[in-house]
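Okay, here's what each chain looks like letter by letter:
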Amino acid sequence: QQPVQSPQAVILREGEDAVINCSSSKALYSVHWYRQKHGEAPVFLMILLKGGEQKGHEKISASFNEKKQQSSLYLTASQLSYSGTYFCGTELRDDKIIFGKGTRLHILP
Amino acid sequence: SAVISQKPSRDICQRGTSLTIQCQVDSQVTMMFWYRQQPGQSLTLIATANQGSEATYESGFVIDKFPISRPNLTFSTLTVSNLSPEDSSIYLCSVEKPTGGGYSYNEQFFGPGTRLTVL
């Protein structure tokens, strides 16, 4: 039931783009994206709902393919502050969010 | 948004003892969640706590080991009982709140976590 994230880790130079993928074996009601910096709590980035509704971050975008039960997070023109571990969380319409294993993103100056 | 505090922020406990973690939210919420995060790992849902009813536990977690209280709409406690070194982890509470602004869904907010080390 845990969503699968890929890649497991990414190293980028500042200004480069990254895509993080999340897929589920179950039909999804929504997909949530969080970023967690070392030693801190996860922070909400984006939510994508079945049907197309979404709310997100001004410099981060995401897509949600309901048929394929997949979501992708797009980080463009990455900044040093984007470093951290990104988690996707999938909701199966029971208000519980199950998180993937995370993708570690490291931005080099 | 929601501001969540947890106590203690960290603790070192002896094997066989118990630790109770408190979670306080700055506003009333219906659902509160308890997660465990082992170092460098994902967030694993332990249980969902609704005020006025018994907590709902996820597979692999039982009430005897992780008793939860939810006495009101702003507070919850998680006790980790009969501690063993395998319980060493970060425990986070989380709440859902309507995102507002005409959107029809909830955002989930996390507390700062409690780092537990069991010797």
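Relevant structure appears above.
Cut-offs applied
- Residues numbered from 1 in each chain as written.
- Chains lettered and ligands numbered in written order.
- Predicted model: local features only at pLDDT ≥ 70, side-chain atom pairs only at ≥ 80, totals over all residues.
- Heavy atoms only, no water.
- Disulfide = S-S within 2.5 Å.
- Helix = DSSP H or I, 4+ residues; strand = E, 2+ residues; numbered from the N terminus.
- Buried < 20%, exposed > 50% of the residue type's maximum accessible area, 1.4 Å probe, protein only.

**Points about the state of the cysteines**
Residue and element names in this part refer to chain B.
Inference 1: Within the structure shown, the criterion is met by two disulfides over all chains.
Inference 2: Residue Cys-23 pairs covalently with Cys-93 via a disulfide, S to S 1.9 Å. Measuring the twist about the S-S bond at about 65°, one finds the Cys-23-Cys-93 disulfide to be right-handed. Placement of the pair is Cys-23 in strand β3 (residues 19–25) and Cys-93 in strand β9 (residues 89–98), with a sequence separation of 70 residues.
Inference 3: Judged by relative accessible area, Cys-23 falls into the buried class, the value being 0%.
Inference 4: Using a relative accessible area of 0% as the deciding quantity, one classes Cys-93 as buried.
Inference 5: Free of any disulfide, Cys-13 has its nearest cysteine sulfur in Cys-93, 18 Å distant.
Inference 6: Overall, Cys-13 belongs to the buried group, its relative accessible area being 7%.

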